[in-house]
Amino acid sequence: MASFASPLELTARFHLIFGVKASLIMSLALFSVAGASPLASRTIPDYTTSEAGNPFVEGWYADPDTEMYEGLYWVYPTSSYAYDEQTYLDAFSSPDLVHWTKHPNILTIANVTWATRAVWAPAPIFRNGKYYLYFGANDIQEDEPAQGKIGGIGVGIADKPEGPYVDAIGKPLIGDYHNGAQPIDQDVFIDDVDGQAYIYYGGHSHANVAKLNEDMISIGTLDDGTQFKEITPENYVEGSQMLKRNGIYYFMWSEGDWTGPDYSVSYAMSNSPLGPFTRLAKILQQDTAVAKGSGHNGVIHVPDTDIYYIVYHRRPLSETDGNHRVLAYDRMYFNDDGTIAQVKMLVKDNFADGNMFDWKTYGGDWSVVDQRLVVASTEGARAFLDTNFTDLIFDATVFITDGSGDAGLVFRATNLSTGVDEFEGYYVGISLLGTVSLGKANLGVWTTLSEGTMDSLGATEHRVRVSVIDIEISVYVDDMDNPKLVTADASFVGGATGVGVRNAGAKFGTVSVAEPSLDPTGSIPRLQVGR
């Protein structure tokens, strides 16, 4: 990603990544010049994760990189399909990291004569009054350039962040292997120290850095007279990303097989943009309760704050197609010594974006209305997140709109299907009559485990929490200190989490699922919740 290379460029954008901050006065003045609203006039997006749910946009996408242009957060991903179908790039913009606008076909092979397939991993940047988009194309292999085949890293140029981007030079910017690095998966970064632009890239387990000339469309020369310096850290596979914070250069990359569950992100720190980069730790990886194949990241930095988010792709737990990748982001924290803390993939959905991308329904008529997941009255219906929690703390609000039955939370659920109680797992429901019921379903057979009453009756929104540790199940309604129900059952050990109704209609909101070591916000350690 780029830094503030010159005052002229600052009028067009704030950089997402650097910890180096402009003064408030300068920030306001520059935004005014650019015709954009200053960040100070908006609510700062201070979240623990994508509060409106991950994935945060709809569709199969991967390899996201980010920028901030004219007061908007931008994400540029790969369209995640078979290589021959990867002939275009889309982008997404947002003023608040919640509401996203899709910008389709910002670059297509129609505007890049030498690209025919496998258009990957776009990297955006602004300079010289133009927007640049670097991309890989054609999946060139090591022996193919000598055979006359064309491919590698290209560069598009546009007058607007959303394009259309056209080929800037009519050929790849980097079209050969250097130091064993496949020319793909680039990131472009402008150092705030001297305005020097760098390109970091590499596949096939090799990484290079090179200087970009001021024109941004030609490769410069390093101090030793060469053009490409190998910087490959231990376990590097692909997905280069550069971040600067408090004068330190953070080089990030992906490890593992992109089609496998162990795809992940690691990083190194250096005092120089040229390295050396010694691997420190893996900071993002699969969570068998949340998602797999989590990797190839970008970083969002909220200007004039120390708020950072890691933006990445991952694969839903139940999916097996290697191309089924979706975009997610989670908070990225730094330790006091500047190292990056382990990233925790959190599960939340407050429906503030008006969507339910991460939910799969079984029966019923479901929609999102006024930041609530709504289901019309029906004999039986459920909506599930693609999760696999064993021990958990599961929170949501529940408002029963009508019906004589109940509505509530489903957990440790498997063999999901339509029909009343047609699954295996647990369900806790509340009713308009003030009852609380905990039971288990076994493919249509219902068994009540425990029953109780609430403190209030009628059509009121209630906060419901389920805490499950080993075989102990505790149920809370409104009062999070004193459980309404506590029981033990060992029938089911893990599965999906969701919401449901039986002979009722309901509205659900502010969903959060976490391990018992975290509170429902996903940030504060807890011990023996519900005991």
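Look up a bit, the structure's there.
Residues numbered from 1 in each chain as written. Predicted model: local features only at pLDDT ≥ 70, side-chain atom pairs only at ≥ 80, totals over all residues. Heavy atoms only, no water.

Asker: Mind laying out the overall build of the protein chain, listing which residues take part and the relevant values?
Answerer: Within the protein chain, the regular secondary structure consists of two helices and 32 strands. Of all 531 residues assigned to the protein chain, the portion counted as buried reaches 59%. Relative to all contacts within the protein chain whose residues are 6 or more apart in sequence, the contacts with residues 24 or more apart total 57%. Accessible surface, the protein chain as shown: approximately 19300 Å² in total, 49% of it carbon and sulfur. (Helix = DSSP H or I, 4+ residues; strand = E, 2+ residues; numbered from the N terminus. Buried < 20%, exposed > 50% of the residue type's maximum accessible area, 1.4 Å probe, protein only. Contact = heavy atoms within 4.5 Å. Areas by Shrake-Rupley, 256 points an atom, 1.4 Å probe, with all protein chains shown as cover.)

Asker: Now, about the layout of surface pockets: what can you tell me, with residues and values included?
Answerer: Once rolled over the atoms, a probe with the size of a water molecule shows which space is left empty. The calculated volume of the largest pocket comes to roughly 580 Å³. Lining the largest pocket are 29 residues; nearest its centre among them are P316, F357, D358, L385 and D386. Elements that contribute at least two residues to the lining of the largest pocket include exactly strand 18 (308-315), strand 20 (347-349), strand 21 (359-362) and strand 23 (372-389). It is strand 23 that provides the largest number of residues to the lining of the largest pocket, a total of four residues. When the residues that make up the lining of the largest pocket are grouped by side-chain class, the tally is 16 nonpolar, five polar and eight charged. By volume, the second largest pocket is sized at about 260 Å³. Together, 19 residues line the second largest pocket, and Y83, W120, I184, E238 and W258 are the ones closest to its centre. Class assignment for the residues of the lining of the second largest pocket results in six nonpolar, eight polar and five charged. (1 Å grid on protein atoms, 1.4 Å probe; cavity = no way out; pocket = protein on both sides within 12 Å on 5 of 7 lines; lining within 4 Å. Points joined across faces, edges and corners; volume = space filled by probe spheres on them. Nonpolar A, V, L, I, M, F, W, Y, C, P; charged D, E, K, R; others polar.)

Asker: Give me the sheet that holds strand 12 (residues 229-230): which residues, what numbers.
Answerer: The antiparallel open sheet is built from four strands, whose spatial order is 9-10-11-12. Edge positions in the open sheet fall to strand 9 (187-190) and strand 12, since each of these has one partner strand only. Bridge count for strand 9 against strand 10 (residues 197-201) is four bridges, and the pairing is antiparallel. Paired with D187 across the bridge in strand 10 is Y200. (Pairing = 2+ DSSP bridges.)

Asker: An account of the pairing of strand 14 (residues 248-255) is needed here, citing residue identities and associated values.
Answerer: The side chains of a regular strand alternate, residue by residue, between the two faces of the sheet. Most of strand 14 sits out of view: seven of its eight residues are buried. As paired elements, strand 13 (residues 238-245) and strand 14 share six bridges and run antiparallel to each other. Residue K244 lies in a different strand from strand 14, and its bridge partner there is Y249. Hairpin connection from strand 13 to strand 14: two residues lie between these consecutive antiparallel strands, with N246 at a positive phi of about 50 degrees. By the bridge criterion, seven bridges tie strand 14 to strand 15 (residues 264-270) in an arrangement that is antiparallel. Residue pairing in the sheet places E255 in a bridge with S264 of strand 15.

Asker: So what's going on with the pattern of salt bridges? Residues and values would help.
Answerer: A complete count under the given rule lists 23 salt bridges for this structure. Across the pair E515 and K344 runs a salt bridge whose closest N-O atoms are separated by 3.2 Å. Taken as a pair, E515 in the segment after strand 32 (495-514) and K344 in the loop between strand 19 (326-332) and strand 20 lie far apart in primary sequence, 171 residues in all. By relative accessible area, E515 is classed as partly exposed at 27%. By relative accessible area, K344 is classed as partly exposed at 31%. (Salt bridge = Lys/Arg side-chain N within 4 Å of Asp/Glu carboxyl O.)

Asker: Give me empty space enclosed by the protein: which residues, what numbers.
Answerer: If you walk through the whole model with that rule in mind, you get six cavities of 30 Å³ or more. Here the second largest cavity defines a volume of roughly 50 Å³. In terms of lining residues, the second largest cavity is bounded by D63, P64, D65, A121, P122, Q186, S240, Q241, H296 and N297. Counting only elements with at least two residues in the lining of the second largest cavity, the list comes to strand 1 (61-69), strand 5 (120-127), strand 13 and strand 17 (292-301). Element by element, the count of residues in the lining of the second largest cavity is highest for strand 1, at three residues.

Asker: I'd like a rundown of the nonpolar core, residues and numbers included.
Answerer: Residues M252, I310, M332, L373, L409, F411 and F508 are the most contacted members of the largest nonpolar core, which totals 60 residues. Leave out the neighbours within four places in its chain, and I310 touches M252, V265, I283, L284, N297, G298, A328, Y329, D330, M332 and V343. (Core = buried A, V, L, I, M, F, W, Y, C linked by side-chain atoms within 4.5 Å.)

Asker: Explain the packing of aromatic side chains residue by residue, including any values.
Answerer: Inspection of the entire model under this criterion finds 33 aromatic pairs. With centroids separated by 5.1 Å and ring planes inclined at 70 degrees, the aromatic side chains of Y83 and W120 adopt a geometry described as edge-to-face. Of this pair, Y83 sits in the loop between strand 2 (72-79) and strand 3 (88-94) while W120 sits in strand 5; the two residues are 37 residues apart in sequence, bridging distant segments of the chain. Accessibility expressed as a relative area gives 10% for W120, which makes it buried. (Phe/Tyr/Trp six-rings, centres within 6.5 Å; stacked < 30°, edge-to-face > 60°.)

Asker: Describe the side chain of D287, listing the residues and the values that go with them.
Answerer: Tracing the sequence through the fold places D287 in the loop between strand 16 (278-284) and strand 17. Within the structure, the side chain of D287 is placed 3.0 Å from the side chain of K344, a separation counted as a polar contact. Setting aside anything within four residues of it in sequence, one finds D287 in contact with L317, K344, M345 and E515. (Polar contact = N/O pair within 3.5 Å; in protein donor to acceptor, adjacent residues only side chain to side chain.)

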